[in-house]
Amino acid sequence: MNPAPDVQVDVIILSWNRPEDTIAAIASAAEQEGVRQRILIVDQGSEADNLRRLEAYLADVPNATLEKLGFNSGVAGGRNIASEMGSAPIIVALDSDAVFADRHALATAVAHLDAHPELCAIGFRIDNYFTGENDATSWDYPPECRPDTGFPATRFIGAGHALRRHVFAAVGAYDDRLFFCGEELDLSYRMLNAGYRIAYVPAVGIRHKVSPEHRVMWGKGRYYYTVRNSLYSAYKFGTSLPRLAVGAAAFALRGWRNGIGLAALRGVGDAVGMCRAYRRETLDQAAAPTYALSHETWRYIRQCEPTRQEPLLAKIRRQFVRLPHQG
């Protein structure tokens, strides 16, 4: 069921077991003040007992809707499904293991987008729920940027962000083949190429229930998806085959350095298959305009990320550095 036309924000949440955290996230969204929101939850195959607990809680949340998939469609696919359940002009995504930092987060996000029509998306400040400090495992911005200061950005972080629905739809939503990891950057570049901009806005915050030790389990799928999806997206955006080969070698080297070389090789191999499939799909048509990045888009990306201009030797040296927050 679609929200009423006067709903300002659709809050989308993906659920997969962890009912306590998911219920807390929904409660946080329901308690937001100063906006008219609807909460759209997609369950991706939770165990029966966990799903029953979630349904029992939602019985008393009138502005929430639950879609039960019975399987895991991935982050990208799940967010597409949740977004299609609504029609509000602004889509806010909240991880199921996060809560809003205060009861005015949605209102602040709406006000910021209203004041800045050039923005298609804003990334929220993400703090560690347990320590109150910046969630370093979610930080994906240039090293010179700081979490307490806003800045123009090339991307947003998936755990907490807001999108303009009409731009999201115009560029084709998430590529659900990505499944997990890198789906935000893939979408962000297409929205930037449509002439819009992105900003990091620390005035809107969430608290993310991640390990206080800032651990990331790269060997349990994350590095595989990082390699596969990075190469696949780069191919779609027109990166030349020689540069893709260099990138694949760099991923393999870093994987070897961190003891997960097999995951890197699997990621490279599967990326080749995905690129071939994409090429077959687009062989008889011009490259999608959302993927052919303009000079203006590249200029903006380089302005936001000066490290793209670093010398080749520095890039090579980085491949021998341990992966951040290795668990």
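Calculation criteria
Residues numbered from 1 in each chain as written. Predicted model: local features only at pLDDT ≥ 70, side-chain atom pairs only at ≥ 80, totals over all residues. Heavy atoms only, no water. Disulfide = S-S within 2.5 Å. Buried < 20%, exposed > 50% of the residue type's maximum accessible area, 1.4 Å probe, protein only. Helix = DSSP H or I, 4+ residues; strand = E, 2+ residues; numbered from the N terminus. Pairing = 2+ DSSP bridges. Salt bridge = Lys/Arg side-chain N within 4 Å of Asp/Glu carboxyl O. Phe/Tyr/Trp six-rings, centres within 6.5 Å; stacked < 30°, edge-to-face > 60°. Lys NZ or Arg CZ within 6 Å of the ring centre and 35° of its normal. Core = buried A, V, L, I, M, F, W, Y, C linked by side-chain atoms within 4.5 Å.

This next bit is on the state of the cysteines. All told, the structure shown has zero disulfides when counted by the stated rule. Cysteine Cys181 shares no disulfide, and the gap to the nearest cysteine sulfur, in Cys275, comes to 15 Å. For Cys275, a relative accessible area of 11% translates into the label buried.

Right, let's get into the pairing of strand β4 (residues 90-94). Summarising burial for β4: five of the five residues are buried, a large majority. Both faces of β4 are covered, namely the face carrying Ile90, Val92 and Leu94 and the face carrying Ile91 and Ala93. With four bridges joining them, strand β1 (residues 9-15) and β4 adopt parallel strand pairing. Each bridged residue has a counterpart across the sheet, and for Val11 the counterpart in β4 is Val92.

Right, let's talk about the pattern of salt bridges for a bit. Tallying each qualifying case throughout the model produces 20 salt bridges. Asp49 serves as the salt-bridge partner of Arg52, at 2.2 Å between the closest nitrogen and oxygen. Placement of the pair is Arg52 and Asp49 together in helix α2 (residues 48-58), with a separation of three residues, close to one helical turn. Residues joined in a network through salt bridges with shared partners are Asp175, Arg177, Asp186, Arg190, Lys236 and Glu281.

Pairs of aromatic rings are described using the distance from one ring centre to the other and the angle between the two planes. Following the criterion strictly, the structure yields 18 aromatic pairs and no others. Their ring planes at 75 degrees and their centres at 6.4 Å tell us that Tyr189 and Trp298 sit as a pair that is edge-to-face. Residue Tyr189 is located in helix α6 (residues 183-193), and its partner Trp298 is located in helix α10 (residues 295-304); the two are separated by 109 residues in the primary sequence. Taking the relative accessible area as the measure of exposure, Trp298 reaches 23% and is therefore partly exposed. Centroid distance Tyr232 to Tyr278: 6.4 Å. Interplanar angle 85 degrees. Geometry classified as edge-to-face. With a gap of 46 residues between them, Tyr232 in helix α7 (residues 218-236) and Tyr278 in helix α9 (residues 261-282) connect regions that are remote in the sequence. Looking at Tyr232, the relative accessible area reads 0%, which means it is buried. Overall, the relative accessible area of 9% leaves Tyr278 in the buried class. Through a chain of ring-to-ring contacts, three or more aromatic side chains come together here, namely Tyr189, Tyr232, Tyr235, Phe237, Tyr278, Tyr291 and Trp298. In this arrangement the basic side chain of Lys209 is found over the ring face of Tyr129, its NZ or CZ atom lying 5.0 Å from the centre.

Turning next to the nonpolar core. Counting 93 residues, the largest nonpolar core has Phe100, Phe124 and Met191 as its most contacted members. In terms of residue count, the dominant contributor to this core is α7 (nine residues).

Further remarks concern the pairing of strand β6 (residues 119-128). Most of β6 is tucked away, with nine of its ten residues classed as buried. The pairing of β6 with strand β9 (residues 197-208) spans nine bridges and is classified as parallel. Counterpart to Ile122 in the pairing with β9 is Ala199.

To continue, consider unusual backbone geometry. A positive phi is found at Ala173, a non-glycine position, where the angle reads about 60 degrees. Its place among the elements puts Ala173 in the loop between α5 (165-170) and α6. Residue classification places Ala173 among the buried residues on the basis of a relative accessible area of 15%. If you check the backbone angles, Phe179 has positive phi at about 65 degrees while not being a glycine. Owing to a relative accessible area of 25%, Phe179 belongs among the partly exposed residues under this scheme.

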